[in-house]
Amino acid sequence: MAWHEISIEAQSRAISHVVIGHQTLGGWPWTSWIPKGSPVIIVADERVQPVAQSIQTRLGAEDVKTLLWTVTIPEQDKNLQTVNTLYQRMGESQVTRDTVVIAVGGGVLTDLVGYVAATYLRGLRWIAIPTTLLAQVDAAIGGKVAVNTAFGKNLVGAFHLPSIVGIDTAVLETLPLREWQAGVGEVLKSALIAGPPLSDALSSELPPLGTMNDWWAAVIGETAALKARIVSEDLYERNTRMFLNFGHTVAHALENYFGYGTLTHGEAVGLGTLVALDLSEKVLNMPRWVEEQARTWMARWTLPSRAPAFDSQKLMGIMAQDKKARAFGLQWVLLADIGKPQVVTSVPTDVVLDSLQVIQP
Ligand SMILES: O=C(O)C(=O)C[C@@H](O)[C@H](O)[C@H](O)COP(=O)(O)O
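Note that the coordinates shown come from a computational prediction; the quantities given were computed from them, not determined experimentally.

Take helix H9 (residues 248-257) next. Where burial is concerned, most of H9 is hidden: 9 out of the 10 residues are buried. Taken residue by residue, H9 has His 248, Thr 249, Val 250, Ala 251, His 252, Ala 253, Leu 254, Glu 255 and Asn 256 as its buried positions. Taken from the residues just after H9, Gly 259 is the one with a positive phi, measuring 95°.

The structure is reproduced here in structure tokens:
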């Protein structure tokens, strides 16, 4: 029986503009970001409702039809049940495919609302307005959107780039201290995988957490630019984008093990980073000074270097579900040196178990 093939070669040149400024939210060209006549739904964390209301006022003045939904979504509610409540509201509001969704909040909100935008009506245009350090340096950039399941962190998701990521560092001026701490885990990760100039900036001075200043504005800009560069090279994480997952193999497992929300993502990333650095010394002969430098940064910014007690074998079972895992086993992102990440497969289980000891209490 003869057969023939018809190929579909979709050329999606997805573009995502990352806009960074300080006290610039009010001056952004909103109407150029939203196609004429498109309705808008703003989904905002209730803690940053004033930011969302200022956007709604600005859009209203330009005759853009806007709904504002304020929500509270802790990490433990970043799941399909919460997604479904938003699907329900969108159905009740008779949302159409030309609607633009604007997500205003931290990483949990941009992950979940971004996933809703990726899936409702098979995909809506969306804009991310990150209001936490974690979201501004990492979560809101690059289009990874997802929710957690009982089997693991971010196990249900998609790649759906926001058309705009609007970063106004002024919104961090009222950010609670633990949210600052939750974000620095990703800043340290970025400095370790990138090396200079970001790692030099951290080594020259480390301001206290909680006060927005020029140093933080520069570090946020550099970290966001690093992520934008990596995502531009490998949007679907087929190779180099895995570098951004440094420390996350253990981090995500810890978040699941202790119950989502017990450890902040940044705290878990800090702990996962220490395990990855120990493995890097063993497997890639990474110079020890890199680990010592990371520990200095973590201590300065009060990131925990020890986890609550955990069963290493059970944690390994959760790690097996990591999205970087393949049929042949786990893939690790390790460092040969600062700024020199590598994807490494077939790290022996006993070596991993030994490295997990570095974060046991
Ligand atoms: O954007 C990426 O790629 C990252 O790995 C960045 C991570 O810091 C971020 O936490 C991401 O959401 C985790 O991705 P996942 O694929 O491990 O869920």
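Picking up where we left off.
General note: in soluble globular proteins, nonpolar side chains tend to be found buried as a group. Residues Trp 30, Ile 55, Ile 102, Leu 202, Trp 301 and Ile 359 are the most contacted members of the largest nonpolar core, which totals 123 residues. Viewed by domain, this core spans two of them, domain 1 (3-175) and domain 2 (178-359), each represented by three or more residues.

On to the packing of H9 against helix H12 (residues 312-319), then. The geometry of H9 relative to H12 is characterised by a closest axis approach of 9 Å and an angle of 110° between their N-to-C directions. Taken together, the axes of H9 and H12 are roughly perpendicular relative to one another. Read as a crossing pair, H9 and H12 show a hand that is right-handed. Contacts between H9 and H12 involve Thr 249, Val 250, Ala 253, Leu 254, Asn 256 and Tyr 257 on the former and, on the latter, Lys 314, Leu 315, Ile 318 and Met 319. A class-by-class count of the residues in the contact of H9 with H12 yields 7 nonpolar, 2 polar and 1 charged.

One ladder, built from 6 bridges, connects strand S9 (residues 331-337) with strand S10 (residues 340-345); its direction is antiparallel. Across the sheet, the residue bridging to Asp 337 is Lys 340, located in S10. Hairpin connection from S9 to S10: 2 residues lie between these consecutive antiparallel strands, with Gly 339 at a positive phi of about 80°.

Next up on the list: the site of the ligand. Around the ligand lies a shell of 13 residues, among which Lys 144, Asn 154, Lys 227, Arg 241 and Asn 245 are the nearest. Lys 189 is positioned such that a nitrogen or oxygen atom in its side chain is 3.0 Å from an oxygen atom of the ligand. Contact between the ligand and His 248: an oxygen atom at 3.0 Å from a side-chain N or O atom of the residue. When isolated, the ligand has an accessible area of 430 Å², and the protein chains bury 94% of it. Where the shell around the ligand is concerned, the elements lending two or more residues are helix H6 (177-194) and H9. Here the residues of the shell around the ligand are counted per class, giving 1 nonpolar, 5 polar and 7 charged. When residues of the shell around the ligand are assigned to domains, at least three fall in each of domain 1 (3-175) and domain 2 (178-359).

Spatially, 6 strands are ordered S1-S8-S5-S4-S2-S3 in an open sheet, and the strand pairing comes out parallel. Each end of this open sheet is capped by a strand with a single partner; those strands are strand S1 (17-21) and strand S3 (66-71). Within this sheet the neighbouring strands show an average axis-to-axis angle of 15°, counted without direction. Pairing analysis gives 2 bridges linking strand S5 (residues 125-130) to strand S8 (residues 164-168), with the strands arranged parallel. Residue Ala 128 lies in a different strand from S8, and its bridge partner there is Val 165.

Moving on: the layout of surface pockets. Volume-wise, the second largest pocket comes out at about 360 Å³. For the second largest pocket, the lining is made up of 14 residues, of which Ala 14, Leu 161, Val 231, Ser 232 and Leu 235 are closest to its centre. Here the element with the most residues in the lining of the second largest pocket is helix H8 (residues 214-233); it accounts for 3 residues. A class-by-class count of the residues in the lining of the second largest pocket yields 9 nonpolar, 4 polar and 1 charged. Two domains each provide a minimum of three residues to the lining of the second largest pocket, namely domain 1 (3-175) and domain 2 (178-359).

Before going further, it helps to spend a moment on empty space enclosed by the protein. Vacant regions in the atomic arrangement are exposed by a probe of water-molecule size rolled over the atoms. Under the counting rule described, the total for this entry stands at 3 cavities of 30 Å³ or more. Looking at the largest cavity, the residues that line it are Gly 152, Lys 153, Leu 155, Thr 249, His 252, Ala 253, Ile 318, Met 319, Gln 321, Asp 322 and Lys 323. Elements represented by at least two residues in the lining of the largest cavity include exactly strand S7 (152-159), H9 and H12. The class makeup of the residues in the lining of the largest cavity is 4 nonpolar, 4 polar and 3 charged. Each of domain 1 (3-175) and domain 2 (178-359) accounts for three or more of the residues forming the lining of the largest cavity.

Rules used in this analysis
- Residues numbered from 1 in each chain as written.
- Predicted model: local features only at pLDDT ≥ 70, side-chain atom pairs only at ≥ 80, totals over all residues.
- Heavy atoms only, no water.
- Buried < 20%, exposed > 50% of the residue type's maximum accessible area, 1.4 Å probe, protein only.
- Helix = DSSP H or I, 4+ residues; strand = E, 2+ residues; numbered from the N terminus.
- Core = buried A, V, L, I, M, F, W, Y, C linked by side-chain atoms within 4.5 Å.
- Domains from an automatic or database assignment.
- Axes fitted to C-alpha atoms, helices over the stretch in contact; angles between N-to-C directions.
- Parallel < 35°, antiparallel > 145°, perpendicular 65-115°, else oblique.
- Left-handed = near helix turned anticlockwise from the far one by under 90°.
- Contact = heavy atoms within 4.5 Å.
- Nonpolar A, V, L, I, M, F, W, Y, C, P; charged D, E, K, R; others polar.
- Pairing = 2+ DSSP bridges.
- Near = heavy atom within 4 Å.
- Polar contact = N/O pair within 3.5 Å; in protein donor to acceptor, adjacent residues only side chain to side chain.
- Areas by Shrake-Rupley, 256 points an atom, 1.4 Å probe, with all protein chains shown as cover.
- 1 Å grid on protein atoms, 1.4 Å probe; cavity = no way out; pocket = protein on both sides within 12 Å on 5 of 7 lines; lining within 4 Å.
- Points joined across faces, edges and corners; volume = space filled by probe spheres on them.

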